[in-house]
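Coordinates in review
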Amino acid sequence: MNLKSVCTPRPSVFDRNRRDIVLDLSDFLENKINGEKFFEENFVTAGMSTLLEKTFARLENRGDQASTFLLTQAMGGGKTHNMIALGLMARNPALRERVLGKGGPGSKIGGVRVIGFHGRQTDAPFGIWGELADQLGKKEALKDYYQPLQAPGQGAWINLLRGEPTLIFLDELPPYLEAAQAKQVGGTTLATVTATAIANLLVAVNKAELSNVCVVISDLTASWQTGGE
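Residues numbered from 1 in each chain as written. Predicted model: local features only at pLDDT ≥ 70, side-chain atom pairs only at ≥ 80, totals over all residues. Heavy atoms only, no water.

**Remarks on the overall build of the chain**
- Looking only at helices and strands, the chain has 11 helices and six strands in total.
- Split into buried and exposed, the 229 residues of the chain put 43% on the buried side.
- Sequence-distant contacts in the chain: of pairs separated by 6 or more residues, those separated by 24 or more amount to 72%.
- Accessible surface computed for the chain: about 12000 Å², of which carbon and sulfur atoms make up 50%. (Helix = DSSP H or I, 4+ residues; strand = E, 2+ residues; numbered from the N terminus. Buried < 20%, exposed > 50% of the residue type's maximum accessible area, 1.4 Å probe, protein only. Contact = heavy atoms within 4.5 Å. Areas by Shrake-Rupley, 256 points an atom, 1.4 Å probe, with all protein chains shown as cover.)

Laid out in structure tokens, this is it:
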């Protein structure tokens, strides 16, 4: 018995226009990915199921679920792929039910606010916090932290994010942090300011006011060592 006798490749496998396509988080954030087509060609693995179950438990405010998840794999290990799958289902309750089943993870909530930042956005003028606030339609809420760039504190993050269930993706930050080391902000660098802002965010999402907010962060094992540290 050979492989050809037990499976039939999808036509898209032979589509020259799609062979070199690699989706990244910006494709999701800009609504360029069709959820139905995505799941026609992707399988929910055991690892992905764990991420989905724990994340939706947090977004549903069920029990003492962790607020932050770190995806650590080498380049090409599926981190962004998992984020996109989770984001598509978080935004679309109907797609969520179709993929995970009626009564499955996330069945107790409707659509979720999903925002994110991709580490290749090294030219973001208002920092990670400005990008996230802008995606929520609340850019003005953090206006005091743009000029000069300074890290929002715990209270500022709580005021920005409280309310609806919210999922935050921070994907491949090491390249951004390495580039930010070269940008002076007062007597320090943008990398230090950004690290402080992220630390404040992670503290904020552990507070009762943000008990339905979840952060998913991806790292780059063995790549971008300085930024990773």
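Still to come is the rest of the account.
**Concerning the nonpolar core**
- By size, the foremost hydrophobic cluster in this structure holds 35 residues, and its most contacted members are Ile 128, Trp 129, Trp 157, Leu 161, Ile 168, Leu 170 and Leu 201.
- Residue assignment for this core shows that the elements contributing at least two residues are β2 (113–118), α7 (127–135), α8 (154–161), β3 (166–171), α9 (173–180), α10 (190–204) and β6 (213–218).
- When residues in this core are grouped by element, the largest group, seven residues, is from α10.
- In this structure Trp 129 touches Leu 142, Tyr 145, Tyr 146, Leu 149, Gln 150, Pro 152, Trp 157, Leu 190, Val 193, Thr 194 and Ala 197, once residues within four positions along its chain are discounted.
- Counting residues in each nonpolar core, the second largest holds 29 residues, with Phe 28, Ile 33, Phe 56 and Phe 69 among its members. (Core = buried A, V, L, I, M, F, W, Y, C linked by side-chain atoms within 4.5 Å.)

**Some thoughts on α8**
- For α8, every residue scored as buried is listed here: Ala 156, Trp 157, Ile 158, Leu 160 and Leu 161.
- Lining the buried residues of α8 we find β2, α7, β3, α10 and β6.
- Gly 163, located one to two residues past α8, shows a positive phi value of around 115°.

**Section: helix α4 (residues 46–59)**
- Between its first and last C-alpha atoms α4 spans 20 Å; for 14 residues at 1.5 Å apiece the expected length is 20 Å, and the two agree.
- Among all positions in α4, only Met 48, Leu 51, Leu 52, Thr 55, Phe 56, Ala 57, Arg 58 and Leu 59 are buried.
- Check the buried side of α4 and you find it contacts β1 (68–71), α5 (79–91), α6 (93–100), β3 and β6.
- With its phi angle positive at about 60°, Asn 61 sits one or two positions after the end of α4. (Expected span 1.5 Å × (residues − 1).)

**Considerations on the pairing of β6**
- Here β6 lies mainly inside the structure; six of its six residues are buried.
- Because side chains alternate across β6, one face comprises the buried residues Val 213, Val 215 and Ile 217, and the other comprises Cys 214, Val 216 and Ser 218, equally buried.
- Here β1 runs beside β6; their pairing, made up of four bridges, is parallel. When the sheet's bridge partners are listed, Phe 69 is paired in β6 with Val 216.
- As paired elements, β3 and β6 share five bridges and run parallel to each other. Paired with Ile 168 across the bridge in β6 is Val 215. (Pairing = 2+ DSSP bridges.)

Any functional reading would require information that these geometric values do not contain.
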